[in-house]
Amino acid sequence: MTRALASLALTLCLALAGAGAAAAQDAEDAEDALGLGQRLDRPLPRAPRGEEANADDGDEADDGEDVDGEDVDGEAERPWPGPQVQLLYGYTKLADGFGGGDAHTGGVSVFLQWPLEELRTGVSAEIGSRDYSLGGDDLLVRGALEVGVQLPRIIDPLVPHLSVLLSVGGLVGQRFESTVAHAFAGGGLELGAELRLLRNFHLAASFGYQRWEMDGAGYDLFLVRLGAGL
Amino acid sequence: MRRASPLVLFALACLAACAPSGDDPRNRMTTWVSPGGEATIFYLAPPWELERTLDNGVALRVPSNANLAGGLEGGPGKFELVALVEAGNPNTRIVAERAAALVAGREILDERELFTAEEVAGPELVLFDPGAEFRRFRRVLYLPLSGGRALRVEVIATTTPDTPEVTEMLRLIEVDVAP
């Protein structure tokens, strides 16, 4: 009698468990059918548009995913690795020893984000005027090499960078009614960022410290540069 | 050469770290120290160049365009500076200088006192020499020196030397005024 009751109870439990599992499976099937409750482990591919949709018809290999499952269309939205060109305005103070030395420059910067997006290499050239307290303004010409790192995806669309710069240039001015030229060279660090507005178009701002050597003397400079580029 | 260029830039950048600060204009200038060490003159070279040293002083000049482009030796430069260590008191010496200028037919454009960067005061005359072969202006400054001596500094120029550049050059002169 006891065995018969235990057997009946076990049979009922198994039946209830089977019914529960079947009901859960039915519910999952229903959710799948409605498109609910799916957990996405990667972005959904973008829906094809226009000619793209026609080209994709019946072609499974061109459905917007590469072999690794990464969205190929996302590649097109990445900034072009370069060369990118910026037009710059720069300000610094190259002290003349008599209270003056404000220098305003305009220039061009060309940089690459290659072979890694995080690597930034570039060159720049600037020309401008430097205030000389005891006479007329000087002509300032500067070229720079830049190597640095940037973070292209962390706080997109802002791309900060930290670079090492080597600068060479010259200063031409009037001293005691005579034209004199002095060469300078130096290096330093620059911290800056690009705000990417539309594809490669961006605004840029940077702040840097450099130490230059000119005429046997060293100069501590803080440089501010603003720019826009493609 | 292409491989060497980055190394040269790097070396220059390292040198920049060691150089004295350019905030002090004296660090960019060449110096002349009097034989007794009682006076030091700082001058920007170029354009200033050492013309000759004397037993008790020095002569500097900024070459004229005729000197530079025409290759002419001698002749007046755009600016000339002659500094001499002499006996006497600056105040009595400037009175004698003034009298001599009037006798020579020079016009006195200004009389004043100049303070060096170290706050040493010295009397100064600004003169114009209309009778010279070349149109010349002069600034004559006397600074006191130890031992009852004076440093006579004369700047001669084709245009007026009464400019901020010349004034600062004179202000940067260092003199030993200890008794």
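Placed above this text is the structure.
No experiment lies behind these values; they were computed from the predicted model shown.

Undergrad: Tell me about the overall build of chain A, and name the residues and values.
TA: The helix and strand inventory of chain A stands at three helices and eight strands. Moving toward the C terminus, one meets the helices and strands of chain A in the order α-α-α-β-β-β-β-β-β-β-β. Looking at chain A residue by residue over its 230 residues, the buried ones come to 26%. Of all intrachain contacts in chain A linking residues separated by at least 6 positions in sequence, the fraction that spans at least 24 positions is 48%.

Undergrad: Let's hear about the pairing of strand β1 (residues 84-93) of chain A: which residues, and what values?
TA: Residue and element names in this part refer to chain A. Bridge count between β1 and strand β2 (residues 102-112): 10 bridges; the pairing is antiparallel. Residue pairing across strands places Y91 opposite H104, the latter belonging to β2. Judged from the six bridges that link them, β1 and strand β8 (residues 217-229) form a sheet pairing that is antiparallel. Along β8, the bridge assignment pairs L87 with A228.

Undergrad: Requested: an account of the nonpolar core, with residues and values cited.
TA: Core analysis: the biggest nonpolar cluster contains 34 residues, and B:A39, B:L143, B:L151, B:V153 and B:I173 have the highest contact counts within it. Ignoring sequence-local partners within four residues, the contact set of B:I173 consists of B:A39, B:T40, B:I41, B:T116, B:L143 and B:V153. In this structure, A:L94, A:F184, A:A185 and A:M214 belong to the second largest nonpolar core, which totals 11 residues.

Undergrad: Give me the interface of chain B and chain A: which residues, what numbers.
TA: Residue-level contacts link 25 residues of chain B with 24 residues of chain A. Every element with two or more residues in the side of chain B that touches chain A is listed here: α1 (4-18) and α4 (164-171) of chain B. Classifying every residue of the side of chain B that touches chain A by side-chain character gives 15 nonpolar, four polar and six charged.

Undergrad: With reference to specific residues and values, describe the pairing of strand β6 (residues 107-115) of chain B.
TA: Residues and elements named next belong to chain B. Counting buried positions over the nine residues of β6 gives zero, only a small fraction of the element. Examined bridge by bridge, β6 and strand β7 (residues 121-129) share eight bridges and lie antiparallel to one another. The residue of β7 that forms the bridge with E107 is F128.

Undergrad: Describe the sheet that holds strand β1 (residues 30-33) of chain B, naming the residues involved and giving the relevant values.
TA: Note on sheets: strands pair through backbone hydrogen bonds, and any given pair is parallel or antiparallel. All names here are of chain B. With antiparallel pairing, three strands are arranged side by side in an open sheet as β1-β2-β10. With partners counted over all chains shown, the strands left at the sheet margins are β1 and β10 (174-175), one partner each. Strand direction decides the pairing type here: strand β2 (residues 39-43) and β10, joined by two bridges, are antiparallel. Residue pairing across strands places T40 opposite E174, the latter belonging to β10.

Undergrad: Any details on the environment of A:R130? Residues and values, ideally.
TA: All names here are of chain A. Within the secondary structure, R130 is located in strand β3 (residues 119-130). Residue R130 is classed as buried on the basis of its C-beta count, with 21 C-beta atoms lying within 10 Å. Sequence separation between R130 and P157 is 27 residues, and the spatial gap between their C-alpha atoms is 35 Å. In this view, R130 contacts L94, G101, A103, D137, D138, L140 and L171; residues no more than four positions away in its chain are not counted.

Undergrad: Tell me about unusual backbone geometry, residues and numbers included.
TA: Omega for the bond connecting B:A45 with B:P46 falls within 30 degrees of zero, at -10°, which places this linkage in the cis form. Relative to the elements of secondary structure, B:P46 occurs in the loop between β2 and β3 (49-53). Following B:P46, the chain continues into B:P47 via a peptide bond in cis, with omega recorded as 10°. Along the chain, B:P47 turns up in the loop between β2 and β3. Although it is not a glycine, A:F176 sits at a positive phi angle of roughly 55°.

Undergrad: Break down helix α3 (residues 90-103) of chain B for me, citing the residues and quoting the values.
TA: Residue and element names in this part refer to chain B. Over its 14 residues, α3 extends 20 Å from the first C-alpha to the last, a length consistent with the 20 Å expected when each residue adds 1.5 Å. Of all the residues in α3, the buried ones are P90, R93, I94 and E97. Along α3, the residues classed as buried sweep out an arc of 100° about the axis, all on the same side. Among the exposed residues of α3, those pointing more than 90 degrees away from its buried face are N91, T92, V95, A96, A99, L102 and V103.

Undergrad: Please provide a residue-by-residue account of the environment of A:G216, values included.
TA: Here A:G216 lies in the loop between β7 (201-214) and β8. A:G216 sits in the partly exposed class, given 13 other C-beta atoms within 10 Å. Along the backbone, A:G216 and A:F184 are 32 residues apart, and their C-alpha atoms lie at a distance of 9.4 Å. Leave out the neighbours within four places in its chain, and A:G216 touches B:A19 and B:R28.

Conventions used here
Residues numbered from 1 in each chain as written. Chains lettered and ligands numbered in written order. Predicted model: local features only at pLDDT ≥ 70, side-chain atom pairs only at ≥ 80, totals over all residues. Helix = DSSP H or I, 4+ residues; strand = E, 2+ residues; numbered from the N terminus. Buried ≥ 20, exposed ≤ 12 C-beta atoms within 10 Å, placed from the backbone. Contact = placed C-beta atoms within 7 Å. Pairing = 2+ DSSP bridges. Core = buried A, V, L, I, M, F, W, Y, C linked by C-beta atoms within 7 Å. Nonpolar A, V, L, I, M, F, W, Y, C, P; charged D, E, K, R; others polar. Expected span 1.5 Å × (residues − 1). Arc of directions from axis to C-beta.

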